[in-house]
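# Close look at the chain arrangement
Below are the chains, spelled out letter by letter.
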Amino acid sequence: MRKFFASFAKDESGATAIEYGLIAALLSVAIIGTVGLVGDNLEKTYKTVSDELKAANTAP
């Protein structure tokens, strides 16, 4: 039983998969955050353009 636990503790075959999973999770969080920021800025830009076009069309 001791040999089993010793070999289990030294086995690193699953470590790579866990590392890749952590990297993928980190990239996902970064992408979601970036898309959120860009989306907010893009929405503000479209709102500004829309307001300016409305003002230009209603001015005499």
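Presented here is a report on the structure given in the accompanying data block.

Basis of the calculations
Residues numbered from 1 in each chain as written. Predicted model: local features only at pLDDT ≥ 70, side-chain atom pairs only at ≥ 80, totals over all residues. Heavy atoms only, no water. Helix = DSSP H or I, 4+ residues; strand = E, 2+ residues; numbered from the N terminus. Buried < 20%, exposed > 50% of the residue type's maximum accessible area, 1.4 Å probe, protein only. Areas by Shrake-Rupley, 256 points an atom, 1.4 Å probe, with all protein chains shown as cover. Patch = residues over 30% accessible without salt bridge, like charges linked within 9 Å, V, L, I, M, F, W, Y side chains within 5 Å. Salt bridge = Lys/Arg side-chain N within 4 Å of Asp/Glu carboxyl O.

### Thoughts on the overall build of the protein chain
- Looking only at helices and strands, the protein chain features two helices and zero strands.
- Looking at the 60 residues of the protein chain, the share that counts as buried comes to 0%.
- If you sum the accessible surface of the protein chain, you get close to 5800 Å²; carbon and sulfur atoms cover 68% of it.

### Points about a nonpolar patch on the surface
- Taken together, the side chains of Tyr-20, Ile-23, Leu-27, Ile-31 and Val-35 define a hydrophobic patch exposed on the protein surface, amounting to about 550 Å² of accessible area.
- Examined against the element boundaries, Ile-31 turns out to sit in helix H2 (residues 15-58).

### Here we look at the pattern of salt bridges
- Across all of its chains, the model carries one salt bridge by this definition.
- One salt bridge connects Lys-47 with Asp-51, and the closest N-O pair in it is separated by 3.3 Å. Of this pair, Lys-47 and Asp-51 both sit in helix H2, separated by four residues, roughly a single helical turn.

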